[in-house]
Structures are given as C-alpha cells and as structure tokens.
Amino acid sequence: MNTDTQAPAILITGGSRGVGAATARLAAARGYDVAISFVSNEAAALAVVADVRAAGRRALAVRADSADPAQVANLFDAIDREFGRLDVLVNNAAMLARQSRLEDLGFERMTRIFAVNAIGPILCAQQAAKRMSYRHNGRGGVVINVSSASARLGSPNEYVDYAASKGALETFTIGFAKEVAREGIRVNCIRPGHIYTEMHASCGEPGRVDRVKDSIPMGRGGQPEEVANAILWLASSEASFVTGTFLDVTGGK
C-alpha cells in the first residue's frame with residue numbers, strides 16, 4: 001500500500017516524552033501517521049500512541065535503543081510493515097548525564113553519550129536514506145536532527161561530553177545534507193535551548209530551566225511544543241528549499 005494517497009509517515013526517535021512526545025502529538029494533528037521509538041518508559045510511549053490515534057492517525061511505538069544497529073534495523077522494518085513508507089525522520093533520542101566537570105567524567109559515560117547522541121542518529125539516517133533516496137527508488141524525504149544550543153556554548157562545568165556529542169551531530173548534518181541533496185532528501189538541524197522537559201530531572205536538577213532563565217534574552221524557558229512547531233515547519237513543504245541549515249529555538253541565547 002505504498003501509494004501517495006496515504007498519509008505521510010514520520011518517525012520520532014525518543015518519542016515518549018518531552019520534545020519527542022510533543023512532536024508526535026503535533027504531527028498527528030498535522031495529518032501524519034506517527035511512529036516513535038522509546039527505550040524504557042513503555043507507559044509513556046503508549047500514552048503518546050493513544051493520543052495519536054485519538055487524532056485519527058495511525059501510530060506505532062517500538063522499543064529500540066538507537067545506538068544498537070540491530071535494534072535500529074528492527075525499528076525500520078516495523079515501520080515498513082506498519083506504514084509501508086517513511087517521509088520524515090526526527091532524530092530526537094538523546095541522553096544527558098549528571099552535571100560534572102571534565103576531570104570527573106568516566107569513560108563509560110562518554111562512550112554511551114556519543115553512542116546515543118551521535119552514532120544513533122547516523123544509524124537511523126542510514127536506514128532512512130535507504131528508504132527515501134532516489135538512488136534507492138525512494139520518493140524523497142526529510143531528516144531533522146535535534147541538537148542543542150550546548151553545541152555552540154560548550155556547557156562548561158556541566159555537560160561538556162554532551163555538548164561535544166551534539167557538535168558531532170551538527171557536523172554530520174552538514175555532510176549528510178550535501179551528500180543527499182540531489183537525491184530528494186533535505187537534512188536540517190534544530191537547536192533547542194533551555195526547554196521544560198523531564199531530561200533535567202533525570203540528571204539531578206529538575207529546576208535547571210528556572211535557575212538559568214534570567215540568562216535567556218526572552219527571560220523564560222521554552223515549551224516542548226515550541227520546539228515541535230519548528231521541527232514540523234522544517235519537515236513541511238514550506239521549507240522546500242531549506243537543507244543543511246540550523247534553526248535555533250533558544251529564546252535568543
């Protein structure tokens with residue numbers, strides 16, 4: 001059933017909470033069938049699925065660690081079976097560890113952060129390209145990588161390994177965008193700033209956004225829905241001549 005009368009299909013990795021969940025819900029409202037991946041919180045993933053279906057769209061949730069090539073392959077195979085197409089990939093899955101100076105970072109933490117935040121999106125983009133690219137008889141598509149303002153700012157004394165992993169993701173965005181620009185695939189990158197999500201709580205400081213909001217020119221943190229709106233604009237035909245580009249959603253920071 002791989003016909004253009006079908007709704008477009010979007011995959012959002014790490015779609016069970018925060019920016020990913022907000023993007024999934026907004027995508028459903030915009031007419032997409034929605035697949036999400038999650039690692040641990042099945043209840044949250046199923047809540048997103050229920051909301052997508054309540055909006056009248058098809059939904060799929062797959063447990064998959066995006067840093068594991070076999071699990072990534074299984075994720076994309078499940079989308080092939082369920083939707084028979086993939087139009088948009090949002091590489092949103094990421095991890096953040098507890099705040100720490102460089103001297104105190106462990107090797108296992110560093111390797112896991114780079115595996116999830118940098119290698120994971122590359123693995124997912126590889127699978128997406130095989131389905132979207134004109135070279136593989138695809139219809140084209142869009143890949144959106146979710147980076148962070150930390151890639152520009154460095155996150156000293158807190159998350160230099162996380163910031164470095166996002167810097168790697170941004171360099172990948174530039175190269176991959178050029179590689180597939182004539183194959184029908186647009187590749188762009190979103191840089192959220194301080195957004196109210198559970199990620200900060202998981203790293204030991206749930207009030208982090210409120211602590212730093214006075215340093216933000218707009219004087220407040222952002223909402224996940226504000227990032228989701230930017231992601232879905234980049235996915236839309238309104239951004240048809242936009243590729244290899246970075247969009248900051250940071251309140252000016």
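Our subject is the structure that appears above.
Residues numbered from 1 in each chain as written. Predicted model: local features only at pLDDT ≥ 70, side-chain atom pairs only at ≥ 80, totals over all residues. Heavy atoms only, no water.

### Some remarks on the layout of surface pockets
Its boundaries defined by the atoms lining it, the second largest pocket holds a volume of some 220 Å³. Of the residues belonging to the lining of the second largest pocket, the class tally is 5 nonpolar, 5 polar and 3 charged. (1 Å grid on protein atoms, 1.4 Å probe; cavity = no way out; pocket = protein on both sides within 12 Å on 5 of 7 lines; lining within 4 Å. Points joined across faces, edges and corners; volume = space filled by probe spheres on them. Nonpolar A, V, L, I, M, F, W, Y, C, P; charged D, E, K, R; others polar.)

### Side note on the packing of helix H4 (residues 107–132) against helix H6 (residues 160–180)
H6 packs onto H4 with a crossing angle of 20 degrees between their chain directions and a minimal axis gap of 8 Å. The pairing of H4 with H6 is recorded here as roughly parallel in orientation. Note that H4 runs across H6; the crossing there is right-handed. Contacts from Arg 109, Ile 113, Phe 114, Asn 117, Ala 118, Pro 121, Ile 122, Ala 125 and Ala 129 of H4 reach H6 at Asp 161, Tyr 162, Ala 164, Ser 165, Ala 168, Leu 169, Phe 172 and Phe 176. Taken together, the residues of the contact of H4 with H6 break down into 13 nonpolar, 2 polar and 2 charged. (Axes fitted to C-alpha atoms, helices over the stretch in contact; angles between N-to-C directions. Helix = DSSP H or I, 4+ residues; strand = E, 2+ residues; numbered from the N terminus. Parallel < 35°, antiparallel > 145°, perpendicular 65-115°, else oblique. Left-handed = near helix turned anticlockwise from the far one by under 90°. Contact = heavy atoms within 4.5 Å.)

### Concerning helix H2 (residues 42–54)
Each α-helix winds once per 3.6 residues, and so residues spaced three or four apart point in a common direction. Here H2 is 13 residues long and its end C-alpha atoms lie 18 Å apart, about the 18 Å a rise of 1.5 Å per residue gives. Taken together, the buried positions of H2 are Ala 44, Ala 45, Val 48, Val 49 and Val 52. Angularly, the buried residues of H2 cover 145 degrees about the axis, an arc narrow enough to put them on a single face. Opposite the packed face of H2, turned more than 90 degrees from it, sit the exposed residues Ala 43, Arg 53 and Ala 54. Phi turns positive, to about 90 degrees, at Gly 56, one or two residues after H2. (Expected span 1.5 Å × (residues − 1). Buried < 20%, exposed > 50% of the residue type's maximum accessible area, 1.4 Å probe, protein only. Arc of directions from axis to C-beta.)

### Quick notes on the sheet that holds strand S5 (residues 141–146)
In spatial order, the strands read S3-S2-S1-S4-S5-S6-S7; together these 7 strands make up an open sheet with parallel pairing. Two strands in the sheet have a free side with no partner beyond their single neighbour: strand S3 (59–63) and strand S7 (246–249). Strand-to-strand twist in this sheet, taken as the mean axis angle between neighbours without regard to direction, amounts to 15 degrees. Pairing analysis gives 4 bridges linking strand S4 (residues 88–91) to S5, with the strands arranged parallel. Within the sheet, the bridge partner assigned to Val 88 lies in S5 and is Val 142. Set on the sheet, helix H3 (residues 69–82) makes contact with strand S1 (9–12), strand S2 (33–38), S3 and S4; between it and S3 the angle comes to about 160 degrees. Contacting S1, S4, S5, strand S6 (185–192) and S7, helix H9 (residues 224–235) crosses the sheet at an angle of about 165 degrees to S6. (Pairing = 2+ DSSP bridges.)

### Section: the environment of Leu 86
Within the element layout of this structure, Leu 86 appears in the loop between H3 and S4. The buried category is assigned to Leu 86, whose relative accessible area is 5%. Sequence spacing of Leu 86 and Arg 109 is 23 residues, and the spatial spacing of their C-alpha atoms is 32 Å. The residues contacting Leu 86, other than those within four sequence positions of it, are Ala 9, Ile 10, Leu 11, Phe 76, Ile 79, Ala 128, Met 132 and Gly 140.

### Notes on the side chain of Asn 117
Within the element layout of this structure, Asn 117 appears in helix H4. Looking at Asn 117, its side chain comes within polar contact range of the side chain of Ser 165, at 3.1 Å. Not counting the four nearest positions on each side in its chain, Asn 117 is found in contact with Ala 94, Met 95, Tyr 162, Ser 165 and Leu 169. (Polar contact = N/O pair within 3.5 Å; in protein donor to acceptor, adjacent residues only side chain to side chain.)

### Regarding the pattern of salt bridges
Scanning the entire structure with this criterion turns up 15 salt bridges. One salt bridge connects Arg 131 with Asp 77, and the closest N-O pair in it is separated by 3.6 Å. Residue Arg 131 is found in helix H4, and its partner Asp 77 is found in helix H3; the two are separated by 54 residues along the sequence. For Arg 131, a relative accessible area of 22% gives the class partly exposed. When its relative accessible area of 34% is taken as the criterion, Asp 77 is described as partly exposed. The closest approach of N and O atoms between Arg 211 and Glu 158, which form a salt bridge, is 2.9 Å. Of this pair, Arg 211 sits in helix H8 (residues 208–212) while Glu 158 sits in the loop between helix H5 (150–153) and H6, and the two are 53 residues apart along the sequence. Overlapping salt bridges, with partners in common, bring together Arg 152, Glu 170, Arg 191 and Asp 248 in one network. (Salt bridge = Lys/Arg side-chain N within 4 Å of Asp/Glu carboxyl O.)

### Observations regarding the side chain of Gln 127
Position of Gln 127 relative to the elements: it lies in helix H4. Apart from residues no more than four positions distant in its own chain, Gln 127 is found in contact with Val 72, Ala 73 and Phe 76.

### Notes on the nonpolar core
Grouped together as the largest cluster of nonpolar side chains are 32 residues, with contacts concentrated most on Ile 10, Tyr 32, Val 34, Val 88, Ile 144, Ile 190 and Ile 231. Here the element with the most residues in this core is H9; it accounts for 6 residues. Aside from chain neighbours lying at most four places away, what touches Ile 10 is Ala 27, Tyr 32, Asp 33, Val 34, Ala 35, Leu 86, Val 88, Val 90 and Leu 232. One finds Val 62, Ala 64, Phe 176 and Ala 177 within the second-largest nonpolar core, a separate group that totals 28 residues. (Core = buried A, V, L, I, M, F, W, Y, C linked by side-chain atoms within 4.5 Å.)

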